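Overview (structure and organization)
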Amino acid sequence: MTPETRLDVENGIAVLTISNPSIRNALTLTMSHQLTEFCDRIDADPTIGAVVVRGDGGTFCSGADTRSWSGTYADPMSDSAYAETDDVYGAFYRVGQIRVPTISAVRGAAVGAGLNLALATDLRIVAEDARLIAGFLKAGIHPGGGFFTISSRVAGREAAAAMGLFSEEVSGTRAVHLGLAWEAVADDRVEARALELAGRVAGDPVLARRVAKSFRAEADPSPLPWSTAIEVERGVQIWTQARRLRGDVEEGR
């Protein structure tokens, strides 16, 4: 199956589906571009009052498929690598700016950039056995995409430290206790529950858009704007990508 992001709209609810099942829905550059384009379409459609973000095939998103990045493996400090991180990080940042209320329906795993994507939405419904994993340090790279800002914004400093500094994995059930998610339900009920909640607000798109704007303005406690956090983390992450690449080359000798 060709990796893709899909947009379906019904009853005022837009469903964004991340689909790359062969590698657990990892985001390619093309998928990131599609995601950004669909966000623009949603904002331009006054009949849409809510968004649900989901993954195909029973899992959410395993991160970024860096195999599709021309610059990352050739030279992490190249102009192309910088532009490619812009595209991927910009996609889930764009999800966070959609003008209507947004919900992530998280089944399976949300890892790295996939976790950032889930954190980008206003609310998360998760499977009880879902796995939420920052995963950056295990991969030998610095967190990116503003992870520390958006995770601490949602769940506080302790959870951000546990996941981002100490590589703690969080289950769906635990995520609710930490404030990373609103509700944990059986795996086969996740998407239905997310759609149920989305339906409560989707019927009045004009009001939904106004309330979403107020909520985000009033509820964001971050001392550092998310867009600025992306830039703060990016430089160190590029350095760690180059460091990992040098290690791969040395091991291959």
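Only a predicted model underlies this, so the values are computations on that prediction, with no experimental measurement involved.

Bringing the overall build of the protein chain into the picture now. Within the protein chain, the regular secondary structure consists of ten helices and nine strands. The globule rule puts the C-alpha radius of gyration for 253 residues at 18 Å, and the 17 Å found for the protein chain is close to it. Here the C-alpha coordinates of the protein chain stretch approximately 60 × 35 × 35 Å along the principal axes. A burial count over the protein chain gives 50% of its 253 residues as buried. Nonlocal contacts in the protein chain, meaning residues at least 24 apart in sequence, comprise 73% of its contacts between residues at least 6 apart. Working note: accessible area of the protein chain is about 11,700 Å², and carbon and sulfur atoms make up 54% of it. Across the protein chain, the 26 positively charged side chains and the 33 negatively charged ones have centroids separated by 3 Å.

What follows is about helix 3 (residues 79-96). Taking 1.5 Å per residue, 18 residues should reach 26 Å; helix 3 reaches 25 Å between its end C-alpha atoms and fits that length. The largest bend in helix 3 is about 25°, located at G90. Three or more residues of helix 3 are buried, namely A81, E84, T85, V88, Y89, A91, F92, R94, V95 and G96.

This next bit is on the pairing of strand 1 (residues 4-10). Pairing of strand 1 with strand 2 (residues 13-19) involves seven bridges; the strand directions are antiparallel. Its bridge partner lying in strand 2, T5 is registered against I18. Following strand 1, the chain reverses through two residues before pairing antiparallel with strand 2; N11 in that reversal takes a positive phi of roughly 55°.

With that settled, consider the sheet that holds strand 9 (residues 183-185). Reading across the sheet, the six strands line up as 1-2-3-4-6-9 and stay open at both edges, with mixed pairing between neighbours. The sheet is open, and its two borders are formed by strand 1 and strand 9, each paired with just one other strand. Taken pair by pair, the neighbouring strands of this sheet meet at an average axis angle of 20°, ignoring direction. Direction of pairing for strand 6 (residues 123-127) relative to strand 9: parallel, over a ladder of three bridges.

Before going further, it helps to spend a moment on the packing of aromatic side chains. Within this structure, the stated rule accounts for four aromatic pairs. Members of the aromatic cluster, connected to one another through ring pairs, are F136, F147 and F148.

The next thing to look at is helix 8 (residues 190-202). For an α-helix the count is 3.6 residues per turn, leaving residues at separations of three or four pointing the same way. With 13 residues, helix 8 extends 18 Å from end C-alpha to end C-alpha; this agrees with the ideal 18 Å at 1.5 Å per step. Listed in full, the buried residues belonging to helix 8 are V190, E191, R193, A194, L197, A198 and A202. In this structure, the buried residues of helix 8 make contact with strand 2, strand 3 (50-55), strand 4 (102-106), strand 6, strand 9 and helix 9 (205-219).

On to the packing of helix 4 (residues 113-120) against helix 5 (residues 147-155), then. Think of two packed helices as two axes; the pair is described by the angle between the axes and how far apart they sit. Two elements in contact, helix 4 and helix 5, have axes separated by 10 Å at closest approach and are oriented at 45°. Taken together, the axis directions place helix 4 and helix 5 in an arrangement best described as oblique. In terms of crossing hand, the pair formed by helix 4 and helix 5 is left-handed. Across from L115, N116 and L119 in helix 4, the residues of helix 5 making contact are F147, I150, S151, R153 and V154. Broken down by class, the residue content of the contact of helix 4 with helix 5 amounts to five nonpolar, two polar and one charged.

Cut-offs used in this document
- Residues numbered from 1 in each chain as written.
- Predicted model: local features only at pLDDT ≥ 70, side-chain atom pairs only at ≥ 80, totals over all residues.
- Heavy atoms only, no water.
- Helix = DSSP H or I, 4+ residues; strand = E, 2+ residues; numbered from the N terminus.
- Rg over C-alpha atoms; globule rule 2.2 N^0.38 Å.
- Buried < 20%, exposed > 50% of the residue type's maximum accessible area, 1.4 Å probe, protein only.
- Contact = heavy atoms within 4.5 Å.
- Areas by Shrake-Rupley, 256 points an atom, 1.4 Å probe, with all protein chains shown as cover.
- Lys, Arg positive; Asp, Glu negative; His and termini not counted.
- Charge placed at Lys NZ, Arg CZ, Asp CG, Glu CD.
- Expected span 1.5 Å × (residues − 1).
- Bend = angle between axes of the 7 residues up to and from the residue.
- Pairing = 2+ DSSP bridges.
- Axes fitted to C-alpha atoms, helices over the stretch in contact; angles between N-to-C directions.
- Phe/Tyr/Trp six-rings, centres within 6.5 Å; stacked < 30°, edge-to-face > 60°.
- Parallel < 35°, antiparallel > 145°, perpendicular 65-115°, else oblique.
- Left-handed = near helix turned anticlockwise from the far one by under 90°.
- Nonpolar A, V, L, I, M, F, W, Y, C, P; charged D, E, K, R; others polar.

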